[in-house]
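# Structural characterization, general
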Amino acid sequence: MPATTSKEENEMKKYNRLFLTLAVFTTLLFSSCHAPVFYYIKNDVVSEKASVNGVIRSIARYTTTNGNEYIVTVGSSGFLYKKVYDAASKTWTEDTQAHGKWTLVDSEQLPFDLHHYDYTTAKHYGQQIIKIISDSTTLYVFTVDYKIDMNEGTSCPDNIYIWAVQPQNKDSDGKWNTLKPEDWTELVEAYSIDLSNAFYMKDDYYFSEFTPFSTNAPQKANRKAYFRVANPDSKAAEKNLYYELSGKNVKAITIPEIVGTEDSADKTAVKGAAYFNGQVHFFTTSAITTNESKDKDATVIYWGNGRYINYAKDSIDDIHSKHVDARNKVSALAFCKDTLLIGRGEINSQSTSSFGGIQKVDLEEYDIPKTELGTFTTNAQTQLLSSYMISVLFNTNPADNELDSSLYAGLYFIGSSISGSFNNEGLWAYYPSRRNWNRE
């Protein structure tokens with residue numbers, strides 16, 4: 001074999017140096033990402049069977065007259081509830097940490113037929129439950145019926161209904177077995193509230209200015225319920241009308257002051273409220289929470305301001321604006337004793353849900369948020385991906401730390417995405433007993 005020339009030796013040295021450089025770079029690359037990659041693989045879990053599907057718009061707190069506490073939501077199957085606190089034993093129930101322990105209110109207990117479409121007659125029948133909120137004594141169930149738009153040839157929402165009900169549990173199992181259709185009161189019909197202009201069409205979608213919202217406070221006495229409608233008088237100075245729900249009564253109110261956010265086109269359109277410092281405060285965002293718990297009054301209030309978190313301590317006037325950058329639009333918040341959970345999401349220009357998912361910011365002394373986002377030790381970010389909008393975040397008992405809390409998140413998906421699927425829409429939960437986020 002011929003001897004290697006000096007030129008060939010130089011070429012081989014160059015290749016060896018290149019190979020060595022690539023080897024070192026590759027080693028550094030994989031050593032730097034090895035831990036995160038395998039951390040997320042390790043924390044991925046097999047999905048449990050879904051028990052609450054559909055777009056989750058709210059989770060409401062409700063307390064019966066004997067002091068038992070429930071959480072209530074609406075899934076594609078209907079009106080669901082779960083007992084979470086037993087007043088007699090003063091303990092949070094086992095169902096608080098159990099997957100799928102929801103009870104469906106039977107259709108025979110409702111005062112209306114549930115929505116269905118008859119292909120034979122080509123007509124819609126019945127009402128669809130769209131949201132449930134509560135105050136200190138009553139659940140308010142909002143429903144809608146549908147019609148065929150003959151001009152567009154599509155189905156569209158027609159009328160809105162508001163029902164008031166105060167279910168009680170007289171059985172030891174905590175079920176609302178005695179609930180009957182005659183226990184419900186239809187409020188809109190009783191008060192002749194004008195909802196004739198509730199819906200309008202824009203860019204092939206139907207929209208509504210009708211907005212139910214509540215404080216949903218952990219303490220029963222601090223729960224208030226409201227709704228907003230567009231003023232039917234287009235020439236009036238007030239573009240929005242507001243009503244407070246109280247038991248089986250409805251009264252028109254004037255909002256004293258509205259805390260606006262930079263991303264709100266209409267600074268007079270309230271989307272959410274919170275009880276803080278002895279009164280209700282109204283916001284142009286629905287992403288609001290406080291550090292209130294069942295046995296502790298709120299001292300800090302937090303709300304989304306576009307992609308940022310604002311907070312105020314002791315007084316709503318002491319605003320710390322843009323304190324935390326959530327990096328994308330804030331859609332929901334939930335308080336834990338040591339952490340503030342942040343839901344994100346918006347609809348992009350391609351009409352696809354994006355920039356969503358979950359984040360967190362750890363809390364310092366006096367429940368003040370740090371200025372930088374924190375890191376999860378659970379599988380939260382591998383399950384609640386950025387392809388999904390977070391419509392709801394909820395902590396059953398805010399007095400607990402994050403890892404000791406029973407947490408819920410509503411996932412909402414629009415359009416198309418490689419990492420997203422309509423199959424994952426619905427309620428997701430974290431329970432201390434299983435130590436991970438999974439389908440609820």
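In what follows, the structure referred to is the one given above.
A brief look at the structure comes next.

Definitions and cut-offs
Residues numbered from 1 in each chain as written. Predicted model: local features only at pLDDT ≥ 70, side-chain atom pairs only at ≥ 80, totals over all residues. Heavy atoms only, no water. Helix = DSSP H or I, 4+ residues; strand = E, 2+ residues; numbered from the N terminus. Contact = heavy atoms within 4.5 Å. Buried < 20%, exposed > 50% of the residue type's maximum accessible area, 1.4 Å probe, protein only. Polar contact = N/O pair within 3.5 Å; in protein donor to acceptor, adjacent residues only side chain to side chain. 1 Å grid on protein atoms, 1.4 Å probe; cavity = no way out; pocket = protein on both sides within 12 Å on 5 of 7 lines; lining within 4 Å. Points joined across faces, edges and corners; volume = space filled by probe spheres on them. Nonpolar A, V, L, I, M, F, W, Y, C, P; charged D, E, K, R; others polar. Salt bridge = Lys/Arg side-chain N within 4 Å of Asp/Glu carboxyl O.

Summarising the element assignment, Thr93 is placed in the loop between strand 4 (91-92) and strand 5 (103-104). Filtering out sequence-adjacent residues up to four positions away, Thr93 remains in contact with Lys83, Val84, Tyr85 and Asp86.

Attention now moves to the environment of Thr284. For Thr284, the location among the structural elements is in the loop between strand 20 (279-283) and strand 21 (288-290). Residue classification places Thr284 among the buried positions, given a relative accessible area of 2%. The spacing of Thr284 and Val259 is 25 residues in sequence and 6.5 Å in space, taken between C-alpha atoms. Polar side-chain contacts of Thr284 include one of 2.9 Å to the backbone nitrogen of Thr261.

In this section: unusual backbone geometry. Phi at Lys90 takes a positive value of approximately 55°, unusual for a residue other than glycine. Within the secondary structure, Lys90 sits in the loop between strand 3 (78-86) and strand 4. Classification of Lys90 by relative accessible area gives exposed; the value is 65%. The backbone of Asp367 shows a phi angle near 65°, a positive value even though the residue is not glycine. With respect to the helices, strands and loops of the structure, Asp367 is situated in the loop between strand 27 (353-362) and helix 3 (380-383). Given a relative accessible area of 14%, Asp367 falls into the buried group.

What follows covers the layout of surface pockets. Put simply, the second largest pocket is a space of about 200 Å³. In this structure, the second largest pocket is lined by 13 residues; those nearest its centre are Glu238, Asn240, Leu241, Tyr242 and Thr254. Contributing elements (two or more residues each) for the lining of the second largest pocket: strand 16 (240-246) and strand 17 (249-253). For the lining of the second largest pocket, the element with the highest residue contribution is strand 16, accounting for four residues. Counted by class, the lining of the second largest pocket contains eight nonpolar, three polar and two charged residues.

Let us look at the pattern of salt bridges. Applying the stated criterion across every chain yields a total of 12 salt bridges. Across the salt bridge formed by Lys294 and Glu69, the nearest N and O atoms sit 2.6 Å from each other. With a gap of 225 residues between them, Lys294 in the loop between strand 21 and strand 22 (300-305) and Glu69 in strand 2 (residues 69-75) connect regions that are remote in the sequence. We note a salt bridge from Lys296 to Asp367, for which the minimum N-O separation is 3.9 Å. In this pair, Lys296 sits in the loop between strand 21 and strand 22 while Asp367 sits in the loop between strand 27 and helix 3, placing the two residues 71 residues apart along the sequence. The class of Lys296 is partly exposed, set by a relative accessible area of 36%. Three or more residues are tied together by salt bridges with common partners; here these are Lys360, Asp362 and Glu402.

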